[in-house]
Amino acid sequence: YSNATDGIQVASTDALSMNDGLTISNNVIYRNTVDGIWINPSTNTSITNNTIFGNTGIGIGVGNFVASTVTVTNNIISNNATGLSKSSNTTLTNTFNNIVSNTTNYSGGASAGTGDISADPKYVSTTSGSENFRLQPTSPSLDTGTTSSVTTDIVGNSRPYGSAYDIGAYENDN
């Protein structure tokens, strides 16, 4: 949170340094001065069940120098300059995310995927200094995700609790 650059960055300028098989899950990434998550290059990478809020750049950005293959699933990406962005040489599969209230929700060829929604996630609080990115009981991100290999949330609660996975880093256990 509040880094002078990206929240999470995995990067290289050549294919010889390709990052293979990464999983980035159960993170709350907010108020960074650049991007929430920036990945390049990468293959077989999964970005799953993260909450990404209020970064001055891109919520999740993938690809740039060399081809990348990335799956983005069950993330809340809100209130960033750009929600989800990909370069032309990137294969991006995005499903069951809540991408909302970014200045631009999609860029660089990224577009809404199967099961994606765009609705206020209803966080408990986004007030600076008292942030709580758990979801209120009326959140549209509850029980609207899809099954993934991430079987616990950021605090160790089992997934799913209820009829389906929650979108974001927290699984509501109420």
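Treat the numbers as computed from the prediction; the structure is a model and nothing was measured. (Residues numbered from 1 in each chain as written. Predicted model: local features only at pLDDT ≥ 70, side-chain atom pairs only at ≥ 80, totals over all residues. Heavy atoms only, no water.)

**Focus: the environment of Asn-172**
Position of Asn-172 among the secondary structure elements: in the segment after β17 (132-135). For Asn-172, a relative accessible area of 13% translates into the label buried. Separated by 38 residues in sequence, Asn-172 and Arg-134 have C-alpha atoms that sit 7.5 Å apart. Excluding its chain neighbours within four sequence positions, the residues that come into contact with Asn-172 are Leu-135, Gln-136, Pro-137, Leu-142, Tyr-161 and Asp-166. Side-chain polar atoms of Asn-172 contact the backbone oxygen of Leu-135, separated by 3.4 Å. (Helix = DSSP H or I, 4+ residues; strand = E, 2+ residues; numbered from the N terminus. Buried < 20%, exposed > 50% of the residue type's maximum accessible area, 1.4 Å probe, protein only. Contact = heavy atoms within 4.5 Å. Polar contact = N/O pair within 3.5 Å; in protein donor to acceptor, adjacent residues only side chain to side chain.)

**Some thoughts on the sheet that holds strand β15 (residues 104-107)**
The sheet built from five strands is open, its strands ordered β1-β5-β9-β12-β15 with parallel pairing. Only two strands of the sheet have a single neighbouring strand rather than two, namely β1 (8-11) and β15. Put simply, the sheet's adjacent strands are angled 5° from each other on average, direction ignored. In this sheet, strand β12 (residues 82-86) lies alongside strand β9 (residues 58-62) in parallel orientation, the contact comprising four bridges. Each bridged residue has a counterpart across the sheet, and for Ile-60 the counterpart in β12 is Leu-84. (Pairing = 2+ DSSP bridges. Axes fitted to C-alpha atoms, helices over the stretch in contact; angles between N-to-C directions.)

**What to know about the sheet that holds strand β3 (residues 23-25)**
Strand order in the open sheet formed by four strands is β3-β7-β10-β13, with parallel pairing between adjacent strands. If you trace the sheet from one side to the other, it starts and ends with β3 and β13 (90-95), each paired once. Averaged over neighbouring strand pairs, the angle between their axes works out to 10° when direction is ignored.

Just distances and angles here, no functional claims.
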